[in-house]
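Each chain, letter by letter, is given below.
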Amino acid sequence: MRIIRGRVFYRGRLEPLSLGIDEDGRIAAIKKVLRGEEEVDHGEAVILPGCVDLHVHMRDPGLTDKEDFTSGTRSAAIGGVTTVADMPNTRPAVTRPRILEDKISLLRGRACVDYVLYAAPQEARAVASLADAAAFKIYLAESTGGLQVEPGAVPDIVDAAGREKKLVVVHAEDPSMLAREPGRDLRGHSTARPKEAEQKAISSLARVSASARVHVAHATCLEALDAAPRGVTTEVTPHHLFLDWTRPLGAQGKVNPPLRSREDREALWEAFRAGRGDIVASDHAPHTLEEKDGPFEEAPAGVPGVGSSFPLLMRRMRAGDIELQRLVSAMATRPAELLGIRKGSIEVGSDADLLAVDPRRIERITAKRLRAKCDWTPFEGMEGCFPLAVYLRGEPIVEEGEPVADGRGRLLPVSA
Ligand code: NCD
Ligand code: ZN
Ligand code: ZN
């Protein structure tokens, strides 16, 4: 048995413990002292469950000048993310079973971390045949990829998803409230796609929230969280928690829904640290520098972030701004629960997806450190705590902060 030791986050607190990992990569024993053929002692470092990122765009297939499945999941591993859920706005978009099956075969053997895939049914009758998708995505407004669903079709799609027991993740902006003219800078982008459009779209989910498990992607502000009907879960992103339109980012800060004001950002952070919002997801949406360097109005929306989410949050934990329990819940345990996968917590029987991090080891976040293909990050220069080691089903995928194994990631079975 392989033994991993450290200060383990177990049952809500940190304790010096040994984890015994069996041949299937599951945690088989948790004890004060365990002996095995292979022992790794992380000493004072903190051992946490690997993060589960419910919202990434790895751009594969079709858009691999921005990212590909290997580069994107390698960046995930560096940042302590051991499972990603990949969005369907790849090319061709994952709207039909044939396209989903092709995507599944194309990605096989190329991921550094485990993964599941989304599909984006455009009509209710497509839903049942997309059984291999872990969850469904519905775009209520246009965003990158042009997958906006006919508003009239939404209730039937959600109903059908509910019958399949699948999570429905919604990009919630009301298209009728978006300005016709695009904004010319970050502030203008926020005005053109206002908070009210988010609020309206989110509250409208009350009409469908009884039919399936509905989840709101990338809530940008407190008002968006407040608008969520009872039973609808919500997600916040590191860019809305840590960036706002006052930053001199130009189109590198252009994202849908937009970065808001500093006051909005502060209110979102206060709410989040106090327990509002179910999960953190990165909405890792890389575009090339070339695309971002053109005129602001024409630049595509989306920012990379899968590798920087955990380091940013862990840095705030070290600063005493957020409880470790809250961080682990939002970044690992809750997203795994929403997807219904056996990940996201350290327990006997769980997959041994683990990270070891020394909270005292603070680094500057740089694009080079993150290794995403697009080679830029809106968090450049900010402080982060990166994991020293990351394990996927008990095997090291990151050692001394560097990726050491590509291709070990698997498509996770979908439990309906
Ligand atoms: C995403 C992308 O580029 O794929 N862009 C974004 O601004 N968030 C699409 C999306 O999630 O809306
Ligand atoms: Zn979106
Ligand atoms: Zn997205």
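Residues numbered from 1 in each chain as written. Chains lettered and ligands numbered in written order. Predicted model: local features only at pLDDT ≥ 70, side-chain atom pairs only at ≥ 80, totals over all residues. Heavy atoms only, no water.

Explanation requested: the overall build of the chain in the structure shown.
Helix and strand content of the chain: 12 helices and 18 strands. Computed over its C-alpha atoms, the radius of gyration of the chain comes to 20 Å, within 12% of the 22 Å expected for a compact globule of 416 residues. Principal axes of the C-alpha set define a box for the chain whose edges measure 65 × 45 × 40 Å. Expressed as a percentage of its 416 residues, the buried residues of the chain come to 62%. Taking as baseline every contact in the chain between residues at least 6 positions apart, the subset at least 24 positions apart corresponds to 71%. Accessible surface computed for the chain: about 16,100 Å², of which carbon and sulfur atoms make up 46%. Here the chain holds 57 positive side-chain charges and 62 negative ones, and the gap between their average locations is 2 Å. (Helix = DSSP H or I, 4+ residues; strand = E, 2+ residues; numbered from the N terminus. Rg over C-alpha atoms; globule rule 2.2 N^0.38 Å. Buried < 20%, exposed > 50% of the residue type's maximum accessible area, 1.4 Å probe, protein only. Contact = heavy atoms within 4.5 Å. Areas by Shrake-Rupley, 256 points an atom, 1.4 Å probe, with all protein chains shown as cover. Lys, Arg positive; Asp, Glu negative; His and termini not counted. Charge placed at Lys NZ, Arg CZ, Asp CG, Glu CD.)

Help me understand the site of ligand 1, please; the structure alone is not making it clear to me.
Taken together, 16 residues form the shell around ligand 1, and within it Arg 59, Asn 89, Ser 143, Asn 256 and Asp 283 come nearest. Within the contact set of ligand 1, an oxygen atom lies 3.2 Å away from a side-chain nitrogen or oxygen of His 57. Residue Asn 256 places a main-chain N or O atom 2.8 Å away from an oxygen atom belonging to ligand 1. The fraction of the free accessible surface of ligand 1 (320 Å²) that becomes covered by protein chains is 100%. Partitioned by chemical class, the residues of the shell around ligand 1 number 4 nonpolar, 10 polar and 2 charged. (Near = heavy atom within 4 Å. Polar contact = N/O pair within 3.5 Å; in protein donor to acceptor, adjacent residues only side chain to side chain. Nonpolar A, V, L, I, M, F, W, Y, C, P; charged D, E, K, R; others polar.)

Sorry, what's going on with the coordination of the zinc ion (ligand 3) here?
Ideal geometry at a metal centre: 109.5 degrees between donors when four sit tetrahedrally, and 90 or 180 degrees when six sit octahedrally. At this site the zinc ion (ligand 3) is bound by His 55 (NE2), His 57 (NE2) and Asp 283 (OD), with donor distances of 2.0 to 2.1 Å. Positions of the donor residues of the zinc ion (ligand 3) along the chain correspond to the pattern H-x1-H-x225-D. The metal-metal distance between the zinc ion (ligand 3) and the zinc ion (ligand 2) is 3.7 Å. With His 55 in strand S5 (residues 51–56) and Asp 283 in the loop between strand S12 (279–280) and helix H9 (289–293), this pair connects stretches of sequence that are 228 residues apart. His 55 sits in the buried class, given a relative accessible area of 1%. (Donors = N, O, S within 2.8 Å, 3.2 Å for Na, K, Ca; no water.)

Sorry, what's going on with the domain arrangement of the chain here?
Domain boundaries assigned for the chain yield domain 1 (2–47 + 349–363 + 382–403) and domain 2 (51–339). Computed over C-alpha atoms, the centres of domain 1 and domain 2 are 28 Å apart. Of the residues lining the interface, 24 residues belong to domain 1; the matching set on domain 2 comes to 24 residues. With both sides pooled, the region where domain 1 packs onto domain 2 buries about 2,000 Å², and carbon together with sulfur makes up 73% of that total. For the domain 1 face of the interface with domain 2, the top three residues by lost area are Phe 9, Met 382 and Cys 385, together amounting to 24%. Linking domain 1 with domain 2 are 2 salt bridges, by the criterion used here. Among the salt bridges present, the one from Arg 315 reaches Glu 383, with a minimum N-O distance of 2.8 Å. Where domain 1 touches domain 2, the interface holds 3 residue pairs in polar contact (both at pLDDT 80 or more). Taken together, the elements giving at least two residues each to the side of domain 1 that touches domain 2 come down to strand S13 (354–357), strand S15 (383–384), strand S16 (389–392) and strand S17 (395–399). A total of 3 residues in the side of domain 1 that touches domain 2 trace back to one element, the largest contributor, which is S16. A per-class count over the side of domain 1 that touches domain 2 returns 17 nonpolar, 3 polar and 4 charged. (Domains from an automatic or database assignment. Buried area = accessible area lost by both parts, 1.4 Å probe. Salt bridge = Lys/Arg side-chain N within 4 Å of Asp/Glu carboxyl O.)

In this structure, what is going on with the nonpolar core? I would like to understand it.
Most often, soluble globular proteins keep nonpolar side chains buried together rather than apart. Judged by nonpolar contacts, the single largest core of 100 residues is most densely connected at Leu 48, Val 84, Phe 272, Phe 310 and Met 314. Tallying contributions element by element places helix H11 (residues 324–339) first for this core, with 6 residues. Of the domains in this structure, domain 1 (2–47 + 349–363 + 382–403) and domain 2 (51–339) are the two that each give at least three residues to this core. With residues up to four places along the chain from it excluded, the contact list for Val 84 reads Asp 53, Val 56, Met 58, Thr 73, Ala 76, Val 113, Asp 114, Tyr 115, Val 116 and Val 306. Among the nonpolar cores identified, the runner-up in size contains 18 residues, and Met 87, Val 116, Ala 134 and Ala 336 belong to it. (Core = buried A, V, L, I, M, F, W, Y, C linked by side-chain atoms within 4.5 Å.)

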